[in-house]
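Structural characterization, general
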Amino acid sequence: MSVSTKDVDLTFQGVGQKAGIEVWRIENSQPVAVPESSYGKFLTRESYMILKTNASKRGTFRYDIHYWIGKDASEDEAEVAAIKTLELDKVLGGRSVQYRELQGYETERFLSCFKPCIMPEESERREHKNRMFVCKGKHVVRIQEVPCARSSLTHDAVFIFDSKNKIFQFNGLNTSIQERAKALDVVKYINETYHESNCKIAAIEDGRLMGDAEAGEFWGFFGGFAPLPRKTTVNEAQSTDEIPIQLFCVKKGEAERVPADSLTKKLLQTHNCYLLDCGSEIYVWMGRSTSMQERKSANKVAEEYLRGQDRPKSIIIRMSEFFETVSFRSKFDSWPQLSDELAPQDGRGKVAALLKRGGLDVKGLIKNAPEEEEEEELQSYIDCSGALEVWRVNGQEKSLLADTDQSKFYTGDCYIFQYTYTGEGQEESLIGTWIGKESVKEDMDSALSQANKMVESIKFLATQARVYEGNEPFLFYAIFQSFMVLKGGLSNGYKNYISEKGLPDETYKEDGIALFRVQGSGPENMQSIQVDPVASSLNSSYCYILHKDSLVFTWKGSQTSVEDHELADRQLDVIKPDMQTRVCKERAESDEFWEILGGRTEHATQKIPRETERDPHLFSCILSKEENLRVTEIYHFNQDDLMTEDIYILDCHTEIFLWVGQEVNTKDKTQALTIGEKYLECDVLLVGLFLQTPIFIIFEGSEPPFFTRFFKWDPKKSAMHGNSFQRRLAIIKDGGLSTMNLKRKKRAPVFGGRSASEKPQRSRSVSFGSDRPRARGRSPAFNALASKFGNPVVRNLSTPPALLSKLSSSGSSGGGGSGGGGGGSLDTSKILSKSKAIASLTASFDKPTREKLLPRSVKVNTSPTAKFESNSRVNVIPMSSRRYSPTIKEDSKENEADTDEGLTFYPYDRLTTSSTDPAPDIDVTRREIYLSKSEFRERFNMTKEAFYKMPKWRQNKMKTSLKLF
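An account of the accompanying structure is given in this report.

Attention now goes to unusual backbone geometry. Note on backbone geometry: most residues besides glycine have negative phi, and most peptide bonds are trans. With an omega of 10°, the peptide bond running from Lys-115 to Pro-116 counts as cis. In this structure, Pro-116 sits in the loop between helix H2 (108–111) and strand S6 (131–136). In the Ramachandran plot, Asp-549 falls in the positive-phi region, its phi being about 55° despite a non-glycine side chain. Here Asp-549 is to be found in the loop between strand S25 (543–548) and strand S26 (551–556).

Spelled out as structure tokens, the structure:
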């Protein structure tokens, strides 16, 4: 694009230098900056320019320019806004995408810049007057002021009536919960903006009037209640779905049709401007070699074309070559991949040089992007010292692996893993599948199915992951810490497959020839990948371990570091722990080394590239009955965009996350993985996503930090219950307390395996299967007995805190109870007799559960009094309003030293995880408590009391070093 001083408006000096929004209003044919306090306020008689600067993870800036035209704005000002937008794009180096926004027909991308809504007004408001708005939209809200009359109301929309002292929201009968929830955001905005948060809020349900004083007050503004007519919404906008896509070349102020059987990138020439008519929107593509005059002419042609087609409301989107949008590229049958680095970077520099020669200030104009920071270090975002269990899948069965084999995966097999870690105030679980490259479909389907059932059995409280070999995320490596991939497989399906195909069995053998590539970033993230034992498998950027029978070599590539060498030494301890190795550096190998590899050949020198995380994109998605996936992108997203009734996809390129709301039905929850796989097939962003990209399924209320990092996250919002509308209404009225879910601390269940005495744990938790009887659950016998003492309808008999709280009180009782007494004193003797009777009967129900919580060697008091106290202590805990807790806490004082009374002490050698004669019937998560005081002090160099005062992580670290954890 050619540059001249007359093309550059000096108003735009230094713009686009930081992420955010900048706004100008057109006054006297010139852009005038709008103060930040007035952002989002639009007058219907004006035209505006809005620059949205987005900072990418790679350090570059992306620009969206919107020019908004009010319905009463003059044509001259609208034309000035369109031209000045092109000049602003020139200042930004031609890197922006420009959108024409007509009042009432704005794009969702524009509206999302001013959440929750924009409210164009005819003039500045001086005093309050009653107003009514119609609100539409599930993801962004489009509002329009309508007459304050009953005739404006319909069953098909949400209406907001803004009176002086109260704001009413009328929910049409046919509106969705999501539309009602989004409209509440507008109510809150009106209250804060125009009433200084002093207005009361009322929600009016269409057709509901009986006993509702607020409904009566609302209808009083319209002369009283009257039924609304059963009319359907008429879409006044012209349908553009049937208009075929057409490409036009702009020449000499005219649009000439480009004849083509299919649309390809080659049709677009860099010295021309083109129009692409897609019906609801028309794109203006501007080649890099076109002049400013040619671009202005192309914009004018586009507007005249739409007027000639009687489609003046269609969206106009303009973009320069190399900066095309995904939606534009998706219209073409073929479009080559273009990385950000290949795009020209000199546009702003040319403009800056021109201004500088004219003696003008160019500060902030030369800089095209913020200085690049050092590459961000990968993080796991969760505690990686938790408990890990791994199963190998064999057909429809799965077998638990021993600790020593947990990190050794075969490429011909599939695995299920469960990782339990400490979250914020509770234990969380990650259940995932790892699918080997050579695994058979039967094992793959079985692994995914069994993992789904594990997650479903614990009421979707765990995060689920699907991981393919070669595409493991950093989090996976951090959990396993030392990870090894071996050739071949052990499952029957794999063995049968290679037998039927006549393929050799390459399953790893410790005494055979094997070559391992060592990779990773440190001791807590290192891998050994078995590769073909040939010289071409070597790479100068890695270290390798080669073994044949009793011979072991460590090969160090010429581009490896000291840290790489340390990783190789550590992995050698895993692969061949008791054997001497011969170290050979690249270009100094022995003949024996090359002989094992079959001779010297050329090999790679550069590190194997890994995909890097990109800017996240959020999509709302729906899977139809025909299993067709529809996605809608949500721009400039935040936590409030996640509606509990829906499923969303967060795409950051290296992984995709599916967020599933609590109110999604169970059938759709089980289809979350299918939705993720469909999304990968569609490649919505046209960035070449791999079908093997890791998928994480996140269930509302159990969001892990590696998901919430993409938001400014408030955990209280995900702890609420009710639908989206109920939650937002509660937040407005009482801060959300009425819908707060008082979650109990939960323990992640372990799905079977070895006995506790056989398996050392990396966590101090004790967990049980989802079929464990709940201590506070009501059996039929309990209900039958309880019904004798009172009316079961009056209160929940599984939650007797109210009963127990009155044992020592003598106050009056109101309502409740079968006696129905009004204000008499409470007869505690009767209550005690009833409670003892219940406790005596239910003690046998709860006894097995209680015994599981204590080491078997501890003497337990089983007296009736103790049973009564135990049951009382369990029952006074209030029930969680929604969440199901599949496990329970081992001891409310697990961080305090236990008394030695009643414990059977064992020698240290019998308590270690590697003991050949392990002590029987002990709690393997607290082995240290079975040491005598003297031996405990000898081993830990401190008393038990001092030990239990330390943080849990320090306790675990000391126990691990002593093989007691």
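On we go.
Attention now moves to the packing of helix H1 (residues 75–91) against helix H5 (residues 292–308). Angle between the axes and distance between the axes: these two values describe a pair of packed helices. Contact pair H1 / H5: the axes reach a minimum separation of 10 Å and the direction vectors enclose 140°. The angle between H1 and H5 places the two elements in the oblique class. Two packed elements cross with a definite hand, and for H1 against H5 that hand is right-handed. Residues Ala-82, Ile-83, Leu-86, Glu-87, Asp-89 and Lys-90 of H1 pack against Met-292, Arg-295, Lys-296, Asn-299 and Glu-303 of H5. In the contact of H1 with H5, the residues fall into 4 nonpolar, 1 polar and 6 charged.

Moving on, we come to the pattern of salt bridges. Under the defined criterion, the tally for this structure stands at 31 salt bridges. Its salt-bridge partner being Glu-27, residue Arg-25 comes within 2.8 Å of it at the nearest N-O pair. Note on Glu-27: relative accessible area 31%, which makes it partly exposed. One salt bridge connects Arg-728 with Asp-185, and the closest N-O pair in it is separated by 3.1 Å. In this pair, Arg-728 sits in helix H17 (residues 724–734) while Asp-185 sits in helix H3 (residues 177–194), placing the two residues 543 residues apart along the sequence. Judged by its relative accessible area of 11%, Arg-728 is buried. Taken together, the shared-partner salt bridges in this structure form one network comprising Lys-57, Glu-613 and Arg-709.

Here we come to the nonpolar core. Counting residues in hydrophobic clusters, the biggest one holds 54 residues, and the most contacted among them are Phe-476, Phe-480 and Phe-657. Of all the elements, helix H9 (residues 474–480) adds the most residues to this core, at 7 residues. Setting aside its immediate chain neighbours within four residues, Phe-480 contacts Leu-388, Val-390, Gln-406, Ser-407, Phe-409 and Phe-417. If you look at the next biggest cluster of nonpolar residues, it comprises 36 residues, including Val-393, Met-454, Cys-621 and Tyr-679.

Another aspect to go through is the sheet that holds strand S8 (residues 158–162). One open sheet holds the 5 strands; their spatial order is S7-S6-S8-S9-S10, and the pairing between them is mixed. Bordering the open sheet on either side are strand S7 (142–146) and strand S10 (200–205), each of which pairs with just one other strand. This sheet shows a mean twist of 25° between the axes of neighbouring strands, independent of strand direction. Taken together, the 5 bridges between S6 and S7 define a ladder with antiparallel strand orientation. Residue Lys-136 lies in a different strand from S7, and its bridge partner there is Arg-142. In the packing of helix H4 (residues 213–220) onto the sheet, contacts are made with S8, strand S9 (166–171) and S10, and the angle to S9 comes to roughly 95°. Against the sheet, H17 contacts S9 and S10, and its axis sits at roughly 155° relative to S10.

Here we have 10 strands laid out as an open sheet, ordered S17-S16-S19-S20-S21-S32-S31-S30-S28-S29, and mixed in their pairing. Across the chains shown, the open sheet's two edge strands, defined by having one partner strand only, are strand S17 (397–400) and strand S29 (629–634). With direction set aside, neighbouring strand axes in the sheet form an average angle of 25°. Alignment of strand S21 (residues 463–468) against strand S32 (residues 695–699), held across 3 bridges, turns out to be antiparallel. What sits directly across from Arg-466, in S32, is Ile-695. Here helix H14 (residues 672–682) sits on the sheet and contacts S21, strand S28 (617–623), S29, strand S30 (647–651), strand S31 (656–660) and S32; the angle it forms with S31, its principal contact strand, is near 140°.

This part takes up the side chain of Asn-191. With respect to the helices and strands, the residue Asn-191 is situated in helix H3. You can call Asn-191 buried: its relative accessible area is 9%. Within polar-contact distance, the side chain of Asn-191 engages the backbone nitrogen of Cys-199 at 3.0 Å.

Rules used in this analysis
- Residues numbered from 1 in each chain as written.
- Predicted model: local features only at pLDDT ≥ 70, side-chain atom pairs only at ≥ 80, totals over all residues.
- Heavy atoms only, no water.
- Helix = DSSP H or I, 4+ residues; strand = E, 2+ residues; numbered from the N terminus.
- Axes fitted to C-alpha atoms, helices over the stretch in contact; angles between N-to-C directions.
- Parallel < 35°, antiparallel > 145°, perpendicular 65-115°, else oblique.
- Left-handed = near helix turned anticlockwise from the far one by under 90°.
- Contact = heavy atoms within 4.5 Å.
- Nonpolar A, V, L, I, M, F, W, Y, C, P; charged D, E, K, R; others polar.
- Salt bridge = Lys/Arg side-chain N within 4 Å of Asp/Glu carboxyl O.
- Buried < 20%, exposed > 50% of the residue type's maximum accessible area, 1.4 Å probe, protein only.
- Core = buried A, V, L, I, M, F, W, Y, C linked by side-chain atoms within 4.5 Å.
- Pairing = 2+ DSSP bridges.
- Polar contact = N/O pair within 3.5 Å; in protein donor to acceptor, adjacent residues only side chain to side chain.

None of this, on its own, says anything about what the molecule does.
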